[in-house]
Amino acid sequence: MKIAVFPGDGIGPEVIAETVRVLEAMRLPGLVLLGGDVGAIAYQRHGHPLPPETLTTAREADAILFGAVGDPSCDGLERHLRPEQAVLGLRAELGLFANLRPATTFEGMEDASALRPEIARAIDLLIVRELNGDVYFGDKGQRTTEDGRREGWDMMSYAEDEVRRIARIGFEAARGRNKRLTSVDKANVLETSQLWRDVVTEVAGEYPDVTLDHLYVDNAAMQLVRAPGQFDTIVTGNLFGDILSDQASMCVGSIGLLPSASLGERKTAGGTFGLYEPIHGSAPDIAGQGKANPLAAILSAAMMLRHSFGAEDPAQKIEAAVARALADGIRGADLGGTASTAEISDAVIARL
Ligand code: NAD
Ligand code: IPM
Ligand code: MN
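Residues numbered from 1 in each chain as written. Chains lettered and ligands numbered in written order. Predicted model: local features only at pLDDT ≥ 70, side-chain atom pairs only at ≥ 80, totals over all residues.

**Student:** Tell me what's going on with the overall build of the chain, and back it up with residues and numbers.
**Tutor:** Scanning the chain from N- to C-terminus turns up 12 helices and 12 strands. Compactness check: the chain gives a C-alpha radius of gyration of 20 Å against a globular reference of 20 Å for 352 residues, within 12% of the reference. In terms of principal-axis extent, the alpha carbons of the chain reach across some 60 × 50 × 40 Å. The buried share among the 352 residues of the chain stands at 50%. (Helix = DSSP H or I, 4+ residues; strand = E, 2+ residues; numbered from the N terminus. Rg over C-alpha atoms; globule rule 2.2 N^0.38 Å. Buried ≥ 20, exposed ≤ 12 C-beta atoms within 10 Å, placed from the backbone.)

What follows is the structure, given as structure tokens:
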């Protein structure tokens, strides 16, 4: 199990240190951890947010465990030098186009949701977010026009093969769940979305056992708060998936609870090469205070064991320990409790 561990900035190193403690407590045979700098810390040390040596380490590994990148001190840098380019670069360079973001209400956590408990109780959904295209990776820039107005642009586009491959991931995921797939777009306004909808509808022919419906993203955002229990699997583009997943996190309690897996086509001995990270960022407002919830990162490690190493039992063991810790009332500040970052992972380790 060769894992590249890239902690990054802010609370990234805090939650990753706890996740490594959990992995070490599991006594997994053959665990090898490789280090690397990403983000603002990498820019400070090497002059680039994703140094070549980090990328080399990433390629040597079977999986990447990623913390978070981003620092307000870097907001004025040219875009290609900003910390966020580390995660965008890894996703692009390694062809990690399929981002899985599950959101499930843990038992006894209904009261921690931003929604009423009876609405929160039913949540068990998976967002399948396309990660290599959309407005994120199109031509972008700023300029001053002849009449002196500043102008900015970001080109949104998808090609049919990009939509087809993520649609198939969505249908396959739905097939393994409750066989309902909701595709989220903005086809009433955007041509990119009309193509998205047409291609997803074509792919549906390959999956007669899965029920497909389509929602406009504004309605989807509303439905996610009104009745999130209606969703099983959601497939959507890069930008809409980014926004809806942060929103889904508060429906189940906290952004500190949502893990993710970013997968491509490269196979490993036990599964698929992937990058695993909490959906949250570097949280500069709480960094260095021991307040970060490490559970999103710990649950990301469980996804790593499942998807990249085929280690389903250890993955479930971690997930069960997290569920038990939460059921026992272990909660950080994000969930209205007082447990510190280390106390939360101690509680998980004690329940493995
Ligand atoms: P953020 O996710 O870092 O924080 C949003 C809010 O949630 C903050 O109030 C923060 O304190 C809280 N929060 C986040 N994670 C938490 C945790 N584990 N426990 C408790 N509270 C938590 O989003 P932001 O503030 O918009 O962005 C901060 C920086 O992170 C920016 O530079 C941004 O670009 C970057 N970012 C990076 C990633 C990534 O590395 N994949 C993801 C999102 C944002
Ligand atoms: C995420 C983050 C990233 C994204 C940023 C940091 C580039 O918000 O992983 O959700 O927008 O994909
Ligand atoms: Mn995000």
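**Student:** A description of the environment of Val5 should follow, citing residues and the corresponding values.
**Tutor:** Within the fold, Val5 resides in strand β1 (residues 2-8). Distance in space between the C-alpha atoms of Val5 and Leu34 is 5.9 Å, their sequence separation being 29 residues. Excluding its chain neighbours within four sequence positions, the residues that come into contact with Val5 are Ile16, Val20, Leu33, Leu34, Gly35 and Leu65. (Contact = placed C-beta atoms within 7 Å.)

**Student:** Before we move on, could you go through the domain arrangement of the chain and cite the residues and values that matter?
**Tutor:** Reports often express the size of an interface as the amount of accessible area lost when the parts come together. Parsing the chain into structural domains produces domain 1 (1-100 + 258-352) and domain 2 (110-252). A C-alpha centroid distance of 23 Å is found between domain 1 and domain 2. Between domain 1 and domain 2, the contact holds 14 residues from the first and 16 residues from the second. Every element with two or more residues in the side of domain 1 that touches domain 2 is listed here: α4 (84-93) and β4 (98-104). (Domains from an automatic or database assignment.)

**Student:** Tell me about the packing of helix α1 (residues 12-25) against helix α12 (residues 341-350), residues and numbers included.
**Tutor:** Across the interface, α1 lies against α12 with an axial gap of 10 Å and an inter-helix angle of 20°. When the axes of α1 and α12 are compared, the pair comes out roughly parallel. Once α1 is placed against α12, the crossing between them reads as right-handed. Along the contact surface, α1 presents Glu14, Val15, Glu18, Arg21, Val22 and Ala25, while α12 presents Thr341, Ala342, Ser345, Val348 and Ile349. Class assignment for the residues of the contact of α1 with α12 results in six nonpolar, two polar and three charged. (Axes fitted to C-alpha atoms, helices over the stretch in contact; angles between N-to-C directions. Parallel < 35°, antiparallel > 145°, perpendicular 65-115°, else oblique. Left-handed = near helix turned anticlockwise from the far one by under 90°. Nonpolar A, V, L, I, M, F, W, Y, C, P; charged D, E, K, R; others polar.)

**Student:** Can you lay out helix α7 (residues 191-204) for me, pointing to particular residues and giving the numbers?
**Tutor:** Its 14 residues place the ends of α7 20 Å apart at the C-alpha level, agreeing with the 20 Å of an ideal helix rising 1.5 Å per residue. Residues of α7 that are buried in the fold lie against α6 (160-175), β8 (180-185), β9 (211-216) and β10 (233-236). (Expected span 1.5 Å × (residues − 1).)

**Student:** Tell me about the environment of Asn219, residues and numbers included.
**Tutor:** Within the secondary structure, Asn219 sits in helix α8 (residues 217-226). C-beta crowding within 10 Å serves as the criterion here: with 12 such atoms nearby, Asn219 is assigned to the exposed category. The sequence separation of Asn219 and Glu312 amounts to 93 residues, and the corresponding C-alpha distance is 36 Å.

**Student:** So what's going on with unusual backbone geometry? Residues and values would help.
**Tutor:** Although it is not a glycine, Arg27 sits at a positive phi angle of roughly 50°. Positionally, Arg27 belongs in the loop between α1 and β2 (32-35). Its identity is not glycine, yet Lys179 carries a phi of approximately 65°, on the positive side. Summarising the element assignment, Lys179 is placed in the loop between α6 and β8.

**Student:** Now, about the sheet that holds β10: what can you tell me, with residues and values included?
**Tutor:** In spatial order, the strands read β2-β1-β3-β12-β11-β4-β5-β10-β8-β9; together these 10 strands make up an open sheet with mixed pairing. Taken across any chain shown, the strands that pair with only one partner, and hence form the sheet edges, are β2 and β9. Shown here is a sheet whose adjacent strand axes are inclined to one another by a mean of 25°, direction ignored. Bridge count between strand β5 (residues 124-130) and β10: four bridges; the pairing is parallel. Looking at β10, one finds that Val128 is bridged to Val235. Most of the contacts of α6 go to β5, to which it runs at about 165°, and overall it touches β4, β5, β8 and β10. (Pairing = 2+ DSSP bridges.)

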